[in-house]
Amino acid sequence: MTAAAQAADLDRLIHEKMRLGIVSALASHESLSFNELKRALQTSDGNLSVHARKLEDAGYVSCTKTFEARVPKTVYRLTAAGRKALERYLDHMEALIRATRAP
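Cut-offs applied
- Residues numbered from 1 in each chain as written.
- Predicted model: local features only at pLDDT ≥ 70, side-chain atom pairs only at ≥ 80, totals over all residues.
- Heavy atoms only, no water.
- Pairing = 2+ DSSP bridges.
- Helix = DSSP H or I, 4+ residues; strand = E, 2+ residues; numbered from the N terminus.
- Axes fitted to C-alpha atoms, helices over the stretch in contact; angles between N-to-C directions.
- Parallel < 35°, antiparallel > 145°, perpendicular 65-115°, else oblique.
- Contact = heavy atoms within 4.5 Å.
- Nonpolar A, V, L, I, M, F, W, Y, C, P; charged D, E, K, R; others polar.
- Core = buried A, V, L, I, M, F, W, Y, C linked by side-chain atoms within 4.5 Å.
- Buried < 20%, exposed > 50% of the residue type's maximum accessible area, 1.4 Å probe, protein only.
- Expected span 1.5 Å × (residues − 1).
- Arc of directions from axis to C-beta.
- pLDDT = per-residue confidence, 0-100.
- Salt bridge = Lys/Arg side-chain N within 4 Å of Asp/Glu carboxyl O.

## Re the pairing of strand E3 (residues 71-78)
Here comes step 1: Pairing geometry for strand E1 (residues 32-33) and E3, over 2 bridges, is antiparallel. Residue pairing across strands places Ser33 opposite Val75, the latter belonging to E3.
Here comes step 2: Across 8 bridges, the pairing between strand E2 (residues 61-68) and E3 is antiparallel. Looking across to E3, one finds that Val61 is bridged to Leu78.
Here comes step 3: Here E2 hands over to E3 after 2 residues, with Ala69 in that stretch at a positive phi of 50 degrees.

## Some details on the packing of helix H4 (residues 34-41) against helix H5 (residues 45-57)
Here comes step 1: Close contact between H4 and H5 brings their axes to 10 Å; oriented N to C, the two are set at 110 degrees. Viewed along their axes, H4 and H5 adopt a mutual orientation that is roughly perpendicular. Where H4 approaches H5, its residues Phe34, Leu37, Lys38 and Leu41 are matched on the opposing element by Asp45, Leu48 and Ser49.
Here comes step 2: For the contact of H4 with H5, the residue count by class is 4 nonpolar, 1 polar and 2 charged.

## What about the nonpolar core?
Here comes step 1: By size, the foremost hydrophobic cluster in this structure holds 21 residues, and its most contacted members are Ile22, Val23, Leu26, Leu37, Val61 and Tyr76.
Here comes step 2: Of all the secondary structure elements, the ones that give two or more residues to this core are helix H3 (17-27), H4, H5, E3 and helix H6 (80-101).
Here comes step 3: At 5 residues, H3 tops the list of elements feeding residues into this core.
Here comes step 4: Those residues in contact with Val61, other than ones at most four positions away along the chain, are Val23, Leu26, Leu55, Glu56, Tyr76, Arg77, Leu78 and Thr79.

## As for H6
Here comes step 1: For H6, built from 22 residues, the straight-helix expectation of 32 Å at 1.5 Å per residue is met to within 8% by its first-to-last C-alpha distance of 32 Å.
Here comes step 2: All of the buried residues along H6 are Gly82, Ala85, Leu86, Tyr89, His92 and Leu96. All buried residues of H6 project into a common sector of 125 degrees when viewed along the axis, lining one side. Residues of H6 that are exposed and point over 90 degrees away from its buried face: Ala80, Lys84, Arg98 and Arg101.

## Section: the confidence of the model for the protein chain
Here comes step 1: Counting all residues, the mean pLDDT for the protein chain is 91, and 91% of those residues have values of 70 or more.
Here comes step 2: Least confident of the elements in the protein chain is helix H1 (residues 3-8), whose mean pLDDT is 56; most confident is E1, at 98.

## With respect to the pattern of salt bridges
Oppositely charged side chains are able to pair whenever their charged atoms sit close together.
Here comes step 1: Within this structure, the stated rule accounts for 3 salt bridges.
Here comes step 2: A salt bridge links Asp45 to Lys38; the shortest N-O distance between them is 2.6 Å.
Here comes step 3: In this structure Asp45 comes out as partly exposed when scored by relative accessible area, which is 40%.
Here comes step 4: Salt-bridge contacts for Glu68 lead to Lys73; the nearest nitrogen and oxygen are separated by 3.4 Å.
Here comes step 5: Under the relative-accessibility criterion, Glu68 is labelled partly exposed at 46%.
Here comes step 6: Residue Lys73 is classed as partly exposed on the basis of its relative accessible area, which comes to 30%.

Structure follows, in structure tokens:
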């Protein structure tokens, strides 16, 4: 398969910069709150909400909403499906890099 064909086969859901940031951050933590993710990714509430919802709808991320001292708290976790999708994505990117650098 050519590098161009491989690139066309990328998981577009994860490939978007903000969503890749979310799954990458969650892959290295058991869970992160909305505010922790927002700070780590240096993004707005709305931007994070939209992208996290897309990942949640795909089953890549789980979202738990609770209250602490009457303040809402949203916590995200990477699901098994999300971890597998990220691993496939990273393997795909590594293959693209090897194919592009091959003589």
